[in-house]
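# Summary of structural features
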Amino acid sequence: MPDLDILANPFLTEVQELIAHRGITHSIFFCIVASPIFGWLLSKLKWNRDVGWKSWSWLVFWCISTHIFIDLCTGYGTQIFQPFNNYPASLNSIFIIDPFYTVPLMLGIGCTLFLERNSSKRQLVNYIGLGVSSLYLLAGLGIKLHVNSVFEANFDRKDIAVERYMTTPAPLTSFLWVGYAESNDTIYAGLYSVFDDDQDLQFVEVPKNTHLIYPYKDDLPTQRTLWFSRGYYTVERHPDGLKFTDLRFGRSDLWLTDSDAPYTWNFCSSSARMKNKLPDSARSIPRLMLVPISSGSF
């Protein structure tokens, strides 16, 4: 239900989608208000009159609240305090798509489809799938504490004056992690696996180039992309203007090489905006477009 916010995407720009997704429908406020409303509506269905609206309301509440919590564990950012605050809260303990979490859950649900309705095994396999997935989800929080300690120790050993940092799981697993640290307009990116014997990490230095985007800091699309990236970005010059990259989503090589591997989450300002070809009334509104992930470049 919370992800129904994507139905608005055809009417939004790519930048506006960043704000709309995981917004009000992923908030504590929505969970509290929507649960009794949808519970009452479900209780009015002809085939559901044997179940009261309170029971339906609790079911809707747990469906929405657990959805919000799972999204909160990912790195995308979930606006759980809407409509009072749009801060994109994130625990950064599991990747958005992680088969180690999803597969046990889906197997448990899938098996119930082939078992008799009143079979005791039906409930058992569902509990096992839910239990394994939940344990993995909670384990991610514990793994993150260990990962943070490893990165903090490396910052000290390498004399990196960290202003702030974040760690996030690499795609599809909670056993491989990427860390990003900010220091003097530079982002230090490092990779760590919980199975590594050597905890001496190597960092790739990525200049943020804040000065390039500073002239456009008051433009609304720029503010939204800065808000979405939470400051972990880099800006580069490009023939069409400026290329804005959200570093949290990494590179195609997972920072394993020294080559200029393409980043996976990019925006680009329009050439018309950068060359001042727009009329005066529109020059304060740079057009930003989402670059397809598959291209990796412009």
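Whatever comes next refers back to the structure up there.
This report concerns the structure included in the present document. Since the model is a prediction, treat every value here as computed from it, not as a measurement.

### Things to note about the pattern of salt bridges
Taken as a whole, this structure holds eight salt bridges when the rule is applied. Here Lys158 and Asp200 are joined by a salt bridge, their closest N and O atoms 3.0 Å apart. Pair noted here: Lys158 is in the loop between α5 (120–157) and β1 (164–169) and Asp200 is in the loop between β3 (186–193) and β4 (203–207), with a separation of 42 residues, a long-range link. For Lys158, a relative accessible area of 32% translates into the label partly exposed. Residues Asp246 and Arg248 are paired through a salt bridge, measuring 2.8 Å at the closest nitrogen-oxygen approach. Each of the two residues, Asp246 as well as Arg248, counts as buried. Residues joined by salt bridges that share partners form a network here, namely Arg164, Glu182 and Lys208.

### Here we look at the state of the cysteines
Using the criterion set out here, one finds zero disulfides in the structure. Left unpaired, Cys63 is separated from the closest cysteine sulfur, that of Cys31, by 9.8 Å. Taking relative accessible area as the criterion, Cys63 reaches 46% and is therefore assigned partly exposed.

### As for the packing of helix α4 (residues 99–112) against α5
Axis separation between α4 and α5 bottoms out at 8 Å; the angle between their running directions is 170 degrees. In terms of axis orientation, α4 runs roughly antiparallel to α5. Between α4, through Phe100, Tyr101, Pro104, Leu105, Gly108, Ile109, Cys111 and Thr112, and α5, the contact on the second element is made entirely by Arg122, Val125, Asn126, Gly129, Leu130, Val132, Ser133, Ser134, Tyr136 and Leu137. Among the residues forming the contact of α4 with α5, the class breakdown is eleven nonpolar, six polar and one charged.

### Regarding the environment of Thr234
Take Thr234: it is sitting in strand β5 (residues 233–238). Sequence separation between Thr234 and Thr245 is eleven residues; the distance between their C-alpha atoms is 5.4 Å. Of the polar contacts made by the side chain of Thr234, one reaches the backbone oxygen of Pro207; its length is 2.6 Å.

### Digging into the pairing of β3
Buried residues dominate β3, accounting for eight of its eight residues. Residue alternation in β3 divides its side chains into two sets, Thr186, Tyr188, Gly190 and Tyr192 and Ile187, Ala189, Leu191 and Ser193, and both sets are buried. Judged from the seven bridges that link them, strand β2 (residues 176–182) and β3 form a sheet pairing that is antiparallel. Bridging across to β3, Ala181 finds its partner in Tyr188. Following β2, the chain reverses through three residues before pairing antiparallel with β3; Asn184 in that reversal takes a positive phi of roughly 55 degrees. Where β3 and β4 come together, five bridges link them in antiparallel fashion. Note on β4: the bridge partner recorded for Tyr188 is Glu205.

Rules and cut-offs
Residues numbered from 1 in each chain as written. Predicted model: local features only at pLDDT ≥ 70, side-chain atom pairs only at ≥ 80, totals over all residues. Heavy atoms only, no water. Salt bridge = Lys/Arg side-chain N within 4 Å of Asp/Glu carboxyl O. Helix = DSSP H or I, 4+ residues; strand = E, 2+ residues; numbered from the N terminus. Buried < 20%, exposed > 50% of the residue type's maximum accessible area, 1.4 Å probe, protein only. Disulfide = S-S within 2.5 Å. Axes fitted to C-alpha atoms, helices over the stretch in contact; angles between N-to-C directions. Parallel < 35°, antiparallel > 145°, perpendicular 65-115°, else oblique. Contact = heavy atoms within 4.5 Å. Nonpolar A, V, L, I, M, F, W, Y, C, P; charged D, E, K, R; others polar. Polar contact = N/O pair within 3.5 Å; in protein donor to acceptor, adjacent residues only side chain to side chain. Pairing = 2+ DSSP bridges.

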